[in-house]
Amino acid sequence: MAQVLEFKLPDLGEGLTEAEIVRWLVEVGDVVAVDQLVVEVETAKAMVEVPCPYGGVVTARFGEEGTELPVGAPLLTVAVGAPDTGDDATDDKDDEGSGNVLVGYGTAAPPARRRRVRPSGGTVAGGRRAAGAPAGAASPAGVASPAGTSTLAGRREQGRPEPVAAAPSDTAGPAEAARNGVAATRGDGPVPVISPLVRRLARQNGVDLREVEGSGPEGLILRADVEYALRAAATGRLRSSSAVEPHHTPAAGPGSDAAFAESAPASVSSYADITSVVPGAADVSRGATPQGVRVPLRGVRGAVADKLSRSRREIPDATCWVDADATELMQARRAMNAAGGPKISLLALLARICTAALARFPELNSTVDMDAREIVRLDQVHLGFAAQTERGLVVPVVRDAHTRDAEGLSAEFGRLTEAARTGKLTPADLTGGTFTLNNYGVFGVDGSTPIINHPEAAMLGVGRIIPKPWVHQGELAVRQVVQLSLTFDHRVCDGGTAGGFLRYVADCVEQPAVLLRTL
């Protein structure tokens, strides 16, 4: 007698929790086949055509076009014919579940008989039984599974020939078939894909999913696997495969459980040979090492790599930024230099602003001791500044910057810059910083989100100073504008502190007279 089955909106992958019905592809009363596309839905990431895992007559649809449904909500019901002949050896395909799996539902074959039976006609690759084979010999995944549970199998390709694999043994049951046949014949059976988005990506790019070995649990094909195949075909790069041939252990005897216990795992593999997946990739050697110039990661480059990698791993950084009118600061610098004496650099003025701001916001002149679970606020300001040299990026440190005036800071910056240029910086010149000033404006850029110089807690970035339209004293004028950015360790302070620091720096840039209070 007919059975009405409910098809629920499946988990479409990618962490999506709802979808909007865009277009129904079937009407109530239509006859649908297993895995026929029945509805087109739109998620936050893509348009997806959803296949129905049941074959039969559509009896109801839930939701009109434009309706948004959560994952797990009913989509439609299908009346499925299920003749009960009482014969284990029936060849009716209605007893089989859909090979298509979408997270949250599944349509497996009926539970296998507990008694073991002798297959009479072999086992079809991928777990489908041949004509005359016992009903309990194999389920779509190669192992009998209860009805209503999910399986790792994909949509069948209509009309694709399904070669017959040799029977594992005279007494082979579902578990033995899974151990001895699944890994070797997966390419000819249902495809283990959960997400319709993965199917769509493969279909649009001409990738044969039957030839892709998934890297997910139990060989599940993920989006990354399809993207890897496409990338390898385009660039000629392959990921090495570590396939292990299945090991077959003969059955201990008819009906003996030892035959199953002694069998080794079927196979373990990473990625398929994509030369048979994507057209044009056949000329690429499998496992070939990418060609190119190899530069040893050592010396300054190696030290920079290690330090920046550690910073990125350990520091939960955040960045805020603001534009400031630097016209007044530039005029103040010209006035200082016009008075005679040593020239005052712009970097020295910015450094003096930084030390004044750190006195107001000492949280940013600190470091984090995770072993002791303590924030260590530092009394001295040892100001580092980023300098690009022929040997790479270096960060010389101005000791006790908080005790120096603009002239003293200019002199020390000049000395360290020359030492960096000639490669004469000592280890003491490059260590011990508590805060970094990064003037990336010299490279002609406006903004950046730099990586904090570990173990410091913050870095001020300064972009180029260029003429821009600006509202000054209620009038639109051309002013010298700079973008300031602060990247900080969110463990040492919240956004209010970081914003207050950056706002004070911007105020000093716009009105240098603000600094007179601290000079």
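Now for a description of the structure that goes with this document. Keep in mind that what you see is a predicted model, and the values were worked out from it rather than measured.

**A look at the overall build of the protein chain**
Okay, step 1: Helices and strands together make up the secondary structure of the protein chain, namely nine helices and 21 strands.
Okay, step 2: Burial statistics for the protein chain: of 519 residues in total, 43% are counted as buried.
Okay, step 3: By sequence separation, contacts in the protein chain at least 24 residues apart represent 65% of the contacts at least 6 residues apart.
Okay, step 4: A total of about 26200 Å² of accessible surface is found on the protein chain, and carbon and sulfur atoms cover 52% of it.

**What to know about the pairing of strand E21 (residues 475-489)**
Okay, step 1: Bridging between strand E11 (residues 317-325) and E21 involves nine bridges; their strand directions are antiparallel. By the bridge assignment for E21, Ala318 is matched with Phe488.
Okay, step 2: Relative to E21, strand E19 (residues 458-462) runs antiparallel, the two being bridged by five bridges. Bridged to Met459 within E21 is Thr487.
Okay, step 3: What sits between the antiparallel neighbours strand E20 (residues 466-472) and E21 is a turn of two residues, in which Gln473 has the positive phi angle 55°.

**Observations concerning a nonpolar patch on the surface**
Okay, step 1: There is a patch of nonpolar side chains on the surface, built from Val442, Phe443 and Val445 and spanning about 290 Å² of accessible area.
Okay, step 2: Along the chain, Val445 falls in the loop between strand E18 (435-438) and E19.

**Let's talk about the environment of Asp208**
Okay, step 1: Mapped onto the secondary structure, Asp208 falls in the loop between helix H2 (196-204) and helix H3 (223-235).
Okay, step 2: Judged by its relative accessible area of 25%, Asp208 falls in the partly exposed class.
Okay, step 3: Placed 18 residues apart in sequence, Asp208 and Val226 show a C-alpha to C-alpha distance of 9.4 Å.

**Remarks on the packing of helix H6 (residues 327-338) against helix H7 (residues 346-360)**
Okay, step 1: At a minimum axis separation of 11 Å, H6 and H7 run at an interaxial angle of 115°. Crossing of H6 over H7 shows right-handed handedness. On H7, the residues that touch Leu329, Met330, Arg333 and Met336 of H6 are Leu346, Leu349 and Leu350.
Okay, step 2: Tallied by class, the residues present in the contact of H6 with H7 amount to six nonpolar, no polar and one charged.

**Here's the deal with the sheet that holds strand E8 (residues 74-80)**
Okay, step 1: Judged by pairing direction, the sheet is antiparallel, and its four strands sit side by side in the order E1-E8-E6-E3 without closing on themselves. The outermost strands of the open sheet, each flanked by one partner alone, are strand E1 (3-8) and strand E3 (31-32).

**Looking at the packing of H7 against helix H9 (residues 495-510)**
Okay, step 1: Interhelical geometry of H7 versus H9 gives an angle of 140° and a closest axis separation of 9 Å. When the axis of H7 is compared with that of H9, the two are oblique. In this structure, H7 crosses over H9, and the sense of that crossing is right-handed. Across the interface between the two elements, Leu350, Ile353, Cys354, Ala356, Ala357, Leu358 and Arg360 from H7 touch Phe501, Tyr504, Val505, Cys508 and Val509 from H9.
Okay, step 2: Class assignment of the residues belonging to the contact of H7 with H9 gives a composition of eleven nonpolar, no polar and one charged.

**Topic: the pattern of salt bridges**
Okay, step 1: All chains considered together, the criterion is met by 13 salt bridges.
Okay, step 2: Put simply, Arg479 and Glu328 hold a salt bridge, and the shortest N to O gap is 3.6 Å. Separated by 151 residues along the polypeptide, Arg479 in strand E21 and Glu328 in helix H6 bring together distant segments of the chain.
Okay, step 3: Exposure remark for Arg479: the relative accessible area of 10% places this residue in the buried category.
Okay, step 4: The partner of Asp489 in a salt bridge is Arg491, with the nearest N and O atoms 2.8 Å apart.
Okay, step 5: Overall, the relative accessible area of 1% leaves Asp489 in the buried class.
Okay, step 6: Using a relative accessible area of 30% as the deciding quantity, one classes Arg491 as partly exposed.
Okay, step 7: Linked by salt bridges that have partners in common, Asp325, Glu328 and Arg479 make up one network.

**So, the side chain of His382**
Okay, step 1: Inspection of the secondary structure assignment puts His382 in the loop between strand E13 (374-377) and strand E14 (383-385).
Okay, step 2: Classification of His382 by relative accessible area gives buried; the value is 16%.
Okay, step 3: For His382, the side chain forms a polar contact with the main-chain nitrogen of Asp400, separated by 3.0 Å.
Okay, step 4: Other than its neighbours up to four places away in sequence, His382 contacts Val397, Val398, Arg399, Asp400, Gly432, Gly433, Thr434 and Phe435.

Parameters and conventions
Residues numbered from 1 in each chain as written. Predicted model: local features only at pLDDT ≥ 70, side-chain atom pairs only at ≥ 80, totals over all residues. Heavy atoms only, no water. Helix = DSSP H or I, 4+ residues; strand = E, 2+ residues; numbered from the N terminus. Buried < 20%, exposed > 50% of the residue type's maximum accessible area, 1.4 Å probe, protein only. Contact = heavy atoms within 4.5 Å. Areas by Shrake-Rupley, 256 points an atom, 1.4 Å probe, with all protein chains shown as cover. Pairing = 2+ DSSP bridges. Patch = residues over 30% accessible without salt bridge, like charges linked within 9 Å, V, L, I, M, F, W, Y side chains within 5 Å. Salt bridge = Lys/Arg side-chain N within 4 Å of Asp/Glu carboxyl O. Axes fitted to C-alpha atoms, helices over the stretch in contact; angles between N-to-C directions. Left-handed = near helix turned anticlockwise from the far one by under 90°. Nonpolar A, V, L, I, M, F, W, Y, C, P; charged D, E, K, R; others polar. Parallel < 35°, antiparallel > 145°, perpendicular 65-115°, else oblique. Polar contact = N/O pair within 3.5 Å; in protein donor to acceptor, adjacent residues only side chain to side chain.

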